[in-house]
Structure formats: structure tokens, C-alpha cells
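Remarks on the overall topology
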Amino acid sequence: YMPILNVCNLCKTYQAGEAEVKALDNVSFTVEKGEFVSIIGPSGSGKSTLLHILAGIDRPTSGKVYVDGEDIYAKSEKELAYYRRRKAGLIYQFYNLVLTLTVEENITLPCRLDKKKTDKETLDRLLDTLEMKERRSHLPSQLSGGQQRRVAFAGVLAMRPTTLVLDEPVAGLDPASRTDFLDLIKQLHEQRNLTVVMVSHNMNDIALLADRMLVMHEGEVAFV
């Protein structure tokens, strides 16, 4: 038996001038395959730092992160870059679409950059699930904020990641788009048995989606 994600004694310290800031202080927890875990806590509690380490973007000062039994920070830079692209589906609240590319081109771009082909059936299924089929030839400027976020989301899903790592994925959306996008995340989580770790400030979002809550305070996990 092996959890898909195993975080052991994770510490992250930053230098802020003369001072040393402890962003993460001995954080440990596990996540099972197919589980939806939400991370909450006040600003400065270490949520985003933790998320970036789970996604392979920011190295810990000490401690281990095991994904599928592999210590991701024991990997070479090349292997870590592969992990970031293929296994950790990181979605920020800020998303960048290429303004001169269509919806379809933006979705397939991450795969093309990785010299990986997106077959037509997979693309059609994604567009269908995201209710973007009628807009496949549209440019980002012709889409609403919620639709643009769906396109960014589809680009990550096309890579078929092992886990989805979501950083405030519905921040800044209007209430209707917010509800739609959360419903979509829930639907994809259930249909694909995806493992999801999501940072959110909104307790309603968490109540709708999460199997379990991880509460952070001053760099520590206060409750799981």
C-alpha cells in the first residue's frame, strides 16, 4: 500500500534581508489516489509555498516529497522538468493564453512543446467536457474570463497529469462562472479519478469539493 503523495518533514526557509523566514515548518501528510484535498489558511501561512513544492517548482530546504513512491527532489533537473510537465498539473489563478492562437491551438500547445501529439478524439472529448466545442476556432479575446480559464485548464488536462495542483482556481471569476468552473473540477475529479490538491480561501468551494481539509497556520499543518 502506497499513498500517491507522501510529504515528510517538509521545511522551507527564505532569506528576507538579515532575517530568516520559515515558510514551512516540518509539514507532513499523505494523500490517497483519487482523493480531493483542500488547503486553507490565512495569507502568509505557507499554502502557496507548499503547492509550488508539490508541483516541482520550488525546492524544499529539507524534507521529502514522494509521488507514486518516487522522491521527486532526488531527480535531476531534466527529470524534474518532465515531472512538472507530465505529472503535476499546476493551475494558477493567473493563466496565460497565447492571444494569437485559437482555443484548439492553446489547448494543444503544452503537448506540442513537449513533442507529444494530442489525438483528435482526446481533443474533441476535452472540448466537449469543457463545453468549448463551438468555440474551438475562437481567439482568447473572443472568450469570457471563465471560458479562458477552461482553455488553460484543458491544456493541463491534455497532458494527462497524475495529480492536479490548483492555486485558487476560481479567484476573480464572476459568481456564475465560478460555480460552473467548480462543477467542472468536481465532474473531472470524479470521472477520471484524479487526485486533486487545491488551495482556496472560500469555505463554500471546499464544502462542495473536498474530501478532506488541511489547515495551515504559520508554516505548520494545524489539522488534517
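See the structure printed just above.
Quick caveat, the model's predicted, so the values are computed rather than measured.

A closer look at the sheet that holds strand E4 (residues 62-67)
Strands sit in the order E2-E1-E4-E5 across an open sheet of 4 strands; the sheet is antiparallel. One side of each edge strand has no neighbouring strand; the edge strands of this open sheet are strand E2 (19-31) and strand E5 (70-71). Along the sheet, helix H1 (residues 47-54) contacts strand E1 (5-16), E2 and E4; its crossing angle with E1, the most-contacted strand, is approximately 120°.

Side note on empty space enclosed by the protein
In this structure the tally under the stated criterion is 1 cavity of 30 Å³ or more. Roughly 60 Å³ of internal volume is contained in the largest cavity. Lining the largest cavity, in full, are Leu5, Leu54, Val67, Tyr83, Thr163, Val165 and Val197. Broken down by class, the residue content of the lining of the largest cavity amounts to 6 nonpolar, 1 polar and no charged.

Regarding the pattern of salt bridges
Tallied over the entire structure, the rule returns 12 salt bridges. Through salt bridges with shared partners, a single network forms among Glu104, Lys120, Asp124 and Arg136.

Comments concerning the packing of aromatic side chains
Within this structure, the stated rule accounts for 1 aromatic pair. With 5.3 Å between their ring centres and 55° between their planes, Phe153 and Phe181 make a pair best called tilted. With Phe153 in helix H5 (residues 145-157) and Phe181 in helix H6 (residues 175-192), this pair connects stretches of sequence that are 28 residues apart. Per residue, the accessibility class of Phe153 equals that of Phe181, and both read buried.

Quick word on unusual backbone geometry
Located in the positive-phi region is Asn9, a residue other than glycine, with phi close to 50°. Structurally, Asn9 is set in strand E1. Although it is not a glycine, Glu131 adopts a positive phi angle of roughly 55°. Here Glu131 lies in the loop between helix H4 (120-129) and H5. Overall, Glu131 belongs to the exposed group, its relative accessible area being 60%.

Considering H1
By the criterion of burial, H1 is predominantly enclosed, with 7 of the 8 residues buried. Along H1, the residues that are buried comprise Lys47, Thr49, Leu50, Leu51, His52, Ile53 and Leu54. Positive backbone phi, at 80°, marks Gly56, one or two positions downstream of H1.

Calculation rules
- Residues numbered from 1 in each chain as written.
- Predicted model: local features only at pLDDT ≥ 70, side-chain atom pairs only at ≥ 80, totals over all residues.
- Heavy atoms only, no water.
- Pairing = 2+ DSSP bridges.
- Helix = DSSP H or I, 4+ residues; strand = E, 2+ residues; numbered from the N terminus.
- Contact = heavy atoms within 4.5 Å.
- Axes fitted to C-alpha atoms, helices over the stretch in contact; angles between N-to-C directions.
- 1 Å grid on protein atoms, 1.4 Å probe; cavity = no way out; pocket = protein on both sides within 12 Å on 5 of 7 lines; lining within 4 Å.
- Points joined across faces, edges and corners; volume = space filled by probe spheres on them.
- Nonpolar A, V, L, I, M, F, W, Y, C, P; charged D, E, K, R; others polar.
- Salt bridge = Lys/Arg side-chain N within 4 Å of Asp/Glu carboxyl O.
- Phe/Tyr/Trp six-rings, centres within 6.5 Å; stacked < 30°, edge-to-face > 60°.
- Buried < 20%, exposed > 50% of the residue type's maximum accessible area, 1.4 Å probe, protein only.

Interpretation in functional terms is not warranted from these geometric data alone.
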